[in-house]
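Residue-level structure breakdown
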Amino acid sequence: MSNSIRPYFILSLLGLVLFFFQLDSTNLYILDEVKNSTCALEMKERGDWIVPTFNNELRTDKPVLHYYFMQLGYLLFGANAFGARFFSAFFGLALVLLSFYFTSRILGKKTAWYQSIILLGSLQFNIQFRLAVPDPYLIVWLYLTFVFLYFAIEEQKGAMLAFVFAALGFLTKGLIAIVFPGLVVLIYLIWTKKFTLSVLKSLRIPEGILIFLLISLPWYMAVGIQTKGEWLSGFFLKHNLARYTDTMEGHSGFFLLPFLLLFIALLPFSVFSFPAIKKVLKTEATPFIKFAFIIVVVVGVFFSFSKTMLPSYIGPAIPFLSIILAYHLEKMKPVSTGKSNILILIFLFLICLAIPLAAFFALKDQAMLNKYAYLAFFFLPLPIGALVAIFFWYKKNKNAAFYSISGGWGLTIIFAFSITLPTIFTENPVEKSQHIWKRYDTVVAYKQFNPAFVWSLQKVIPVYHDLTSLKNVLINKESKVLILSRTEYKEELLQLDQANVMVEHQDLFESSSTLLLSIDD
């Protein structure tokens, strides 16, 4: 095997294990996964390429492109968790290989190799690319948009591809596929004093806008027409503007929280962020490192002002912070760094030691999960790997230290997806009650219920918002009926004739509790 192919082969093997191993070890339960996966399935079953729905109601949360990939996953593997998540994992592997190719082209193979291992060793990165959500697709589209914009500025080529990928990003998650590239290019041109007519011409903005509109506008026009503008107003006004200016679904944050989330996302190697960024701000930083730094800052500052904050929001910055970290690590030499890097590694060891301890006490503190406190044991490769890395650093063996840390995190990731998370997910109320709801042909819901039931039943569940309408339906039923709801509506529902409580169970990762009642004949 040639030296040029070997790194791609090794990275592919590592990626296949980390992204695809036990991909369906947990059923779809998390809210965003359930809604995205069910929406794609409903569109597929209707043969509808335009209007997204969840439980037969219009879903305005996200545009359509990731639903198409999920539908293809269903065609290949069936309407199951693996089919829903397959292309998320595929895009994760693709990003690792693409980033190795482009970073090696610009900064050299050593930096590219470090970057790829940093990504593969990130627990957050692996989680993000194993979920049936739009973020994996957006991260890749924006990565390619940024890379080709950089080539357009520095090498006068690739501009049209940047607009193509920006359009795909716009079809995946909306306006940030326009806002982020625009801000990044503007700041980079000003910082590097390249805001000239010749550079602007190399970006081919008029033709690019035309290509962008030709790719993205037809679906937006079609969904606007078919929903009489309801989808457009729901998406742009509620899920873009209102989500930025108001706290939604309890996901509030604080100023500069995105930077803290980025630090956590790229552990273990984000502990080197401070010296790596110091290097960027010096004149020795290459243009691409400066470009990557701007991307990280733009994403972080933009979401620092957002009233709604989720860990997935900082996803587009992850590949570029990994580039900055890799560039720093590749230049670092144990023989000349003094005590500073040892102190950083000791700090990393303390973080890695805190994680299994925190996991143990967090599980112990939950009545539903305290019997699984032993799962904290599967986080022990983290401090072990960090401790071994300190030993190798004293021996002035940087690569061995790097691989010791990476190995500890990689092993923990495998444990997480094959043992830890599957065990915890067995406690979700949908799985706990499947022996009950599988016996009922007629299932309805009252006011609020766990959306994961829609995916598990793979059929529309009628929802009733008052007892009168629910009673009218029950009168005409000749068989037993199962009602899904929340425990807060228990007293109301017990007013129904022949109502029997079948299940009351805390919703996993939520403060609410699921209620199942049976109405006998």
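A brief report on the enclosed structure follows. Quick caveat: nothing in here was measured; it's all calculated off a predicted structure.

1. Focus on the overall build of the protein chain
Assigned secondary structure in the protein chain consists of 24 helices and 7 strands. Along the longest, intermediate and shortest principal axes, the C-alpha atoms of the protein chain span 80 × 55 × 45 Å. The averaged location of the 32 negative side-chain charges in the protein chain is 17 Å from the averaged location of its 43 positive side-chain charges.

2. Quick word on the side chain of Thr 111
You can see Thr 111 is positioned in helix α5 (residues 109-120). Apart from the residues lying within four places of it in its own chain, the contact partners of Thr 111 are Thr 103, Ile 323, Ala 326, Tyr 327 and Glu 330.

3. Structural notes on helix α1 (residues 6-20)
Compared with the 21 Å implied by 1.5 Å per residue over 15 residues, the 21 Å span of α1 between its first and last C-alpha is a close match. When we look at burial in α1, the residues that qualify are Pro 7, Leu 11, Ser 12, Gly 15, Leu 18, Phe 19 and Phe 20. Considered in projection along α1, the buried side chains sweep an arc of 150° and stay on one side of the axis. In this structure, the buried residues of α1 make contact with α4 (81-107), α5, α6 (123-128) and α19 (398-425). Following α1 by one or two positions, Gln 22 adopts a phi angle in the positive range, close to 55°.

4. Details of the pairing of strand β3 (residues 442-446)
Most of β3 is tucked away: 5 of the 5 residues are buried. Neither face of β3 is exposed, since Thr 442, Val 444 and Tyr 446 on one face and Val 443 and Ala 445 on the opposite face are all buried. Note: β3 against strand β5 (residues 481-486), 4 bridges, orientation parallel. Residue pairing in the sheet places Thr 442 in a bridge with Val 481 of β5. Bridge count for β3 against strand β4 (residues 463-464) is 2 bridges, and the pairing is parallel. Across the sheet, the residue bridging to Tyr 446 is Tyr 464, located in β4.

5. As for the packing of α5 against helix α16 (residues 318-331)
Two elements in contact, α5 and α16, have axes whose closest approach is 8 Å; the angle formed by their N-to-C orientations is 130°. Classified by the angle between their axes, α5 and α16 sit oblique to one another. The two elements α5 and α16 cross, and the hand of that crossing is right-handed. Touching Lys 110, Thr 111, Tyr 114, Gln 115, Ile 118 and Leu 119 of α5 are Ile 318, Pro 319, Ser 322, Ile 323, Leu 325, Ala 326, Tyr 327, Leu 329 and Glu 330, all from α16.

6. Here we look at the environment of Val 184
Here Val 184 shows up in helix α9 (residues 176-191). Separated by 113 residues in the primary sequence, Val 184 and Val 297 place their C-alpha atoms 9.1 Å from one another. With sequence-adjacent residues up to four places away left out, Val 184 is seen in contact with Phe 146, Phe 291, Ile 294, Ile 295 and Val 298.

7. Focus: the pattern of salt bridges
If you walk through the whole model with that rule in mind, you get 14 salt bridges. As a salt-bridge pair, Glu 155 and Lys 157 come within 3.6 Å of each other at their nearest N and O atoms. Taking the relative accessible area as the measure of exposure, Lys 157 reaches 45% and is therefore partly exposed. In this structure, Lys 432 and Glu 427 form a salt bridge, with 3.5 Å as the shortest nitrogen-oxygen distance. Classification of Lys 432 by relative accessible area gives partly exposed; the value is 37%. Residues joined by salt bridges that share partners form a network here, namely Arg 105, Glu 155 and Lys 157.

8. Quick word on the nonpolar core
Judged by nonpolar contacts, the single largest core of 167 residues is most densely connected at Phe 19, Phe 291, Ile 461 and Leu 484. Other than its neighbours up to four places away in sequence, Phe 19 contacts Ala 89, Gly 92, Leu 93, Val 96, Leu 120, Phe 125, Asn 126, Phe 129 and Arg 130.

9. Things to note about the packing of helix α17 (residues 340-365) against α19
Where α17 contacts α19, the axes come no closer than 14 Å and their chain directions differ by 10°. As summarised for this structure, α17 and α19 are arranged roughly parallel, according to the angle between their axes. Only Ile 405, Trp 409 and Ile 424 of α19 make contact with α17, whose side of the interface consists of Leu 345, Leu 348, Cys 352, Ile 355 and Leu 363.

10. Remarks on the side chain of Ser 12
Relative to the assigned elements, Ser 12 resides in helix α1. Separated by 2.7 Å, the side chain of Ser 12 and the backbone oxygen of Tyr 8 make a polar contact. Excluding residues that lie within four positions of it along the chain, Ser 12 makes contacts with Leu 93 and Leu 97.

Reading guide: rules and limits
Residues numbered from 1 in each chain as written. Predicted model: local features only at pLDDT ≥ 70, side-chain atom pairs only at ≥ 80, totals over all residues. Heavy atoms only, no water. Helix = DSSP H or I, 4+ residues; strand = E, 2+ residues; numbered from the N terminus. Lys, Arg positive; Asp, Glu negative; His and termini not counted. Charge placed at Lys NZ, Arg CZ, Asp CG, Glu CD. Contact = heavy atoms within 4.5 Å. Expected span 1.5 Å × (residues − 1). Buried < 20%, exposed > 50% of the residue type's maximum accessible area, 1.4 Å probe, protein only. Arc of directions from axis to C-beta. Pairing = 2+ DSSP bridges. Axes fitted to C-alpha atoms, helices over the stretch in contact; angles between N-to-C directions. Parallel < 35°, antiparallel > 145°, perpendicular 65-115°, else oblique. Left-handed = near helix turned anticlockwise from the far one by under 90°. Salt bridge = Lys/Arg side-chain N within 4 Å of Asp/Glu carboxyl O. Core = buried A, V, L, I, M, F, W, Y, C linked by side-chain atoms within 4.5 Å. Polar contact = N/O pair within 3.5 Å; in protein donor to acceptor, adjacent residues only side chain to side chain.

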